[in-house]
Each structure stands twice: as structure tokens, then as C-alpha cells.
Amino acid sequence: MKIIAFGGSNSQHSINKKLATYAAGLFENADVEVLDLNDYAMPLFSVDIEKEIGQHETAKSFLSKLDTADILVVSLAENNSNYSSAFKNIFDWSSRITKEVFRQKPMLLLATSPGARGGASVLEIANNALPRYGAQIKATFSLPAFNANFDVEKNQISNAELDKELKDIIKASF
């Protein structure tokens, strides 16, 4: 089983990439590939640029990576109660190539933030919107207060109750 995981942020220290990486590692017998959105940087999407250059090769590359997955593990960063601009830009470019951006792949949709809501706003938006673009969302999980509940040195959720919750979600849903 091949898992493609990524955090919906272009931060070099993305807490969402850390959560996605950890969650993907919980799947048994999985080959995990973690994508870095910095490898998919493109100009800010606009119809004018698209008219000038056509479908962006980087977006095609991103979609090709998603094609290789059996399962997607996506953890979205929340910026002002919405997607990060890095994720939204890749999503916009990709959706101009195909509406099936997420390729009808089963998805574990995650979010985290330093705050107590753990990216709940972006998780709600994505849970409602992404299925229209080919995401087969099997489960969602929000990790609140990342800095208090995730051990960066051990690269794992440090709150035993929240860690069990995520493991139970994966076991029940995949």
C-alpha cells in the first residue's frame, strides 16, 4: 500500500507536515512518501497567467504523485480560518487540469495549529469542499494545541488520549 502524505503549508517547519508524517507512519505495511509543498511552488494562479503559459507542469507533477497513492494523508494548515495560500495555489492550478484533483483516493484529513481549536475551521471547510474534487474522506482528526500535544523530538503525539484517538480512527476507517 502506497501512502502520499503532505502538510498544507510551505513552512520549512510545518507542524501540519509533522502531523501528516506521523499519521502516515501509523499505517501498517505502508510505503510512505511525504511531499513538501515547497517542491510545487508556482506563480499565484490567475486566468491571465494560465492563458499565457497553459497548464503548469508543476501542477501536472503534483497530480502524478497523487496518482501513485492508494491513500492520501493530508494535514491542512489554517491561515485566517482558511487554507494556506501555498495549498490553495497548488489546488487551484491542479483543479484547472482536472476536477478530480484528489483522484478518488481514500483520504485521512487532518489539521493542527498552536491554538485550542487545532485548525477546526479549515478542517470543516475542507471536509465540505474537497469531496467535490475527488477526495474520498474516510476520517478527519484535529490535533489542538500542537506545541502542548506533539513531541517534536520524538516526532509523535505526546498526549496519550489524542494519540489513541488518532490510532483508533485509522484502525476503524482504513
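Thresholds, definitions, all that
- As a convention, each chain's residues are numbered from 1 in the sequence order in which they are written.
- Reporting in this predicted model follows two pLDDT cut-offs: at least 70 for local features of residues, and 80 or more for side-chain atom pairs to be given and counted; totals over whole chains, interfaces and linings ignore these cut-offs and use all residues.
- No hydrogens and no water enter the side-chain calculation; it runs on all heavy atoms of the structure.
- Helical segments are the DSSP runs of H or I of at least four residues, strand segments are the runs of E of at least two, and each set is numbered from the N terminus.
- Only C-alpha atoms enter the radius of gyration; for comparison, a globular chain is expected to reach 2.2 Å times N to the power 0.38, where N is the number of residues.
- Residue exposure (1.4 Å probe, protein chains only): buried if accessible area is under 20% of the type maximum, exposed if over 50%, otherwise partly exposed.
- Here a residue-residue contact requires only that any non-hydrogen atoms of the pair lie within 4.5 Å.
- For a helix, the expected span equals 1.5 Å multiplied by the number of residues minus one.
- Every axis in this analysis is a line fitted to C-alpha atoms, fitted for helices over the stretch in contact. Angles between the N-to-C directions lie between 0 and 180 degrees.
- Roughly parallel here means an angle under 35 degrees, roughly antiparallel means over 145, roughly perpendicular means 65 to 115, and every remaining angle is called oblique.
- Put simply, Ala, Val, Leu, Ile, Met, Phe, Trp, Tyr, Cys and Pro go in the nonpolar bin, Asp, Glu, Lys and Arg in the charged bin, and everything else, Gly too, in the polar bin.
- When DSSP finds two or more bridges between two strands, those strands count as paired.
- By convention, a crossover is right-handed whenever its connection, traced from the first strand over the helix to the second and viewed with the strands pointing away, goes clockwise.

### Considering the overall build of the protein
Helix and strand counts for the protein stand at seven helices and seven strands. Going residue by residue from the N terminus, the α and β elements of the protein occur as β-α-β-α-α-β-α-β-α-β-α-β-β-α. For a compact globule of 174 residues, the expected C-alpha radius of gyration is about 16 Å, and the protein comes in at 15 Å, within 12% of that figure. For the protein, the C-alpha atoms occupy an extent of roughly 50 × 35 × 30 Å along the three principal directions. When the 174 residues of the protein are sorted by exposure, 46% land in the buried category. A separation threshold of at least 6 residues defines the contact pool for the protein, and within that pool the share at least 24 residues apart is 77%.

### Looking at helix α4 (residues 85-97)
Between its terminal C-alpha atoms α4 stretches 19 Å, which fits the 18 Å expected from 13 residues at 1.5 Å a residue. Buried within α4 are the following residues: Ala86, Phe87, Asn89, Ile90, Phe91, Asp92, Trp93 and Ser94. Looking at the buried side of α4, the elements it contacts are β1 (2-8), α2 (47-53), α3 (57-67) and β3 (71-76).

### Things to note about the packing of α3 against α4
Here α3 crosses α4 at 85°, and the two axes come no closer than 9 Å. By the criterion of interaxial angle, the relationship of α3 to α4 is roughly perpendicular. Between α3 and α4, the residues in contact are Ala59, Lys60, Phe62 and Leu63 and Ile90, Trp93, Ser94 and Ile97, respectively. Considered class by class, the residues forming the contact of α3 with α4 number six nonpolar, one polar and one charged.

### Quick word on the environment of Lys65
Within the fold, Lys65 resides in helix α3. Here the alpha-carbon distance between Lys65 and Leu143, two residues 78 residues apart in the chain, equals 26 Å. If we ignore the near neighbours within four places in the chain, the residues touching Lys65 are Ile4, Glu33, Leu35 and Tyr40.

### Thoughts on the pairing of strand β2 (residues 31-35)
In the sheet, β1 pairs with β2 via five bridges, with the strands oriented parallel. Among the inter-strand pairings, Phe6 is bridged to a residue of β2, identified as Leu35. Running through helix α1 (residues 15-24), the crossover from β1 to the neighbouring parallel element β2 is right-handed.

### Let's talk about the side chain of Ser75
Among the secondary structure elements, Ser75 is positioned in strand β3. Apart from the residues lying within four places of it in its own chain, the contact partners of Ser75 are Phe6, Gly7, Gly8, Asn16, Leu19, Ala20, Leu110, Ala111 and Thr112.

### Topic: unusual backbone geometry
A positive phi angle is found at Asn80, which is not glycine, with a value near 55°. For Asn80, the location among the structural elements is in the loop between β3 and α4. Overall, the relative accessible area of 78% leaves Asn80 in the exposed class. Positive phi is not limited to glycine here, since Gln104 has a value of about 60°. You can see Gln104 is positioned in the loop between α4 and β4 (105-112). Since its relative accessible area comes to 40%, Gln104 is described here as partly exposed.

The values reported here are purely geometric and, on their own, carry no functional implication.
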